[in-house]
Amino acid sequence: MRIKNNNIQPLKSKFQAILFGICFFFIGISANAQCAMCRAALAGDSNIKKAEAVNNGIVYLMVIPYLLVAVIGVLIYRMYQSKKKKDN
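Residues numbered from 1 in each chain as written. Predicted model: local features only at pLDDT ≥ 70, side-chain atom pairs only at ≥ 80, totals over all residues. Heavy atoms only, no water.

Caption draft 1: Layout of the overall build of the protein. Helix and strand counts for the protein come out as three helices and zero strands. Secondary structure elements of the protein, listed N to C terminal, follow the sequence α-α-α. Scored against the burial criterion, the 88 residues of the protein give a buried share of 8%. For the protein, the accessible surface area stands at approximately 8100 Å², while carbon and sulfur atoms represent 67% of it. (Helix = DSSP H or I, 4+ residues; strand = E, 2+ residues; numbered from the N terminus. Buried < 20%, exposed > 50% of the residue type's maximum accessible area, 1.4 Å probe, protein only. Areas by Shrake-Rupley, 256 points an atom, 1.4 Å probe, with all protein chains shown as cover.)

Caption draft 2: A look at helix H3 (residues 48-87). Its 40 residues place the ends of H3 59 Å apart at the C-alpha level, agreeing with the 58 Å of an ideal helix rising 1.5 Å per residue. Residues of H3 that are buried include every one of Ala51, Asn55, Val59 and Val63, and no others. (Expected span 1.5 Å × (residues − 1).)

Caption draft 3: Spatial organisation of a nonpolar patch on the surface. The grouping of Tyr60, Leu61, Ile64, Leu67 and Leu68 at the surface amounts to a nonpolar patch, some 530 Å² of accessible area in total. What makes Leu67 partly exposed here is its relative accessible area of 43%. (Patch = residues over 30% accessible without salt bridge, like charges linked within 9 Å, V, L, I, M, F, W, Y side chains within 5 Å. Salt bridge = Lys/Arg side-chain N within 4 Å of Asp/Glu carboxyl O.)

Caption draft 4: Here's a closer look at the environment of Leu42. Here Leu42 lies in the loop between helix H2 (36-41) and H3. C-alpha of Leu42 to C-alpha of Glu52: the two residues are 10 residues apart in sequence and 9.5 Å apart in space.

Below is the structure:
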C-alpha cells in the first residue's frame, strides 16, 4: 500500500487559490457600476431608488457570465482529476 503524504500541500494551495479568487470576485460587487449615460439619466436626488436599482441590475447581469465560467471550469477540473485517477 502506497501512502501519498505530499498530495496534501498542492491541494491546500489549490484551495487557497480558489478561495482567493472567490473573495476577489465578491470585492467588485459593491462597486458603483454605472455607465456615464445611465448616471446622467438618473442624476438628481429624486431618482436615488431608481439609480440603486440600475446599479443592482448591472451587477446582476455581470455576475451571471462569471458564474457560468466558474461552473464550467470546475466541471473541466473534475473531469481531468477523474481521468488522472483512472490512469494511476
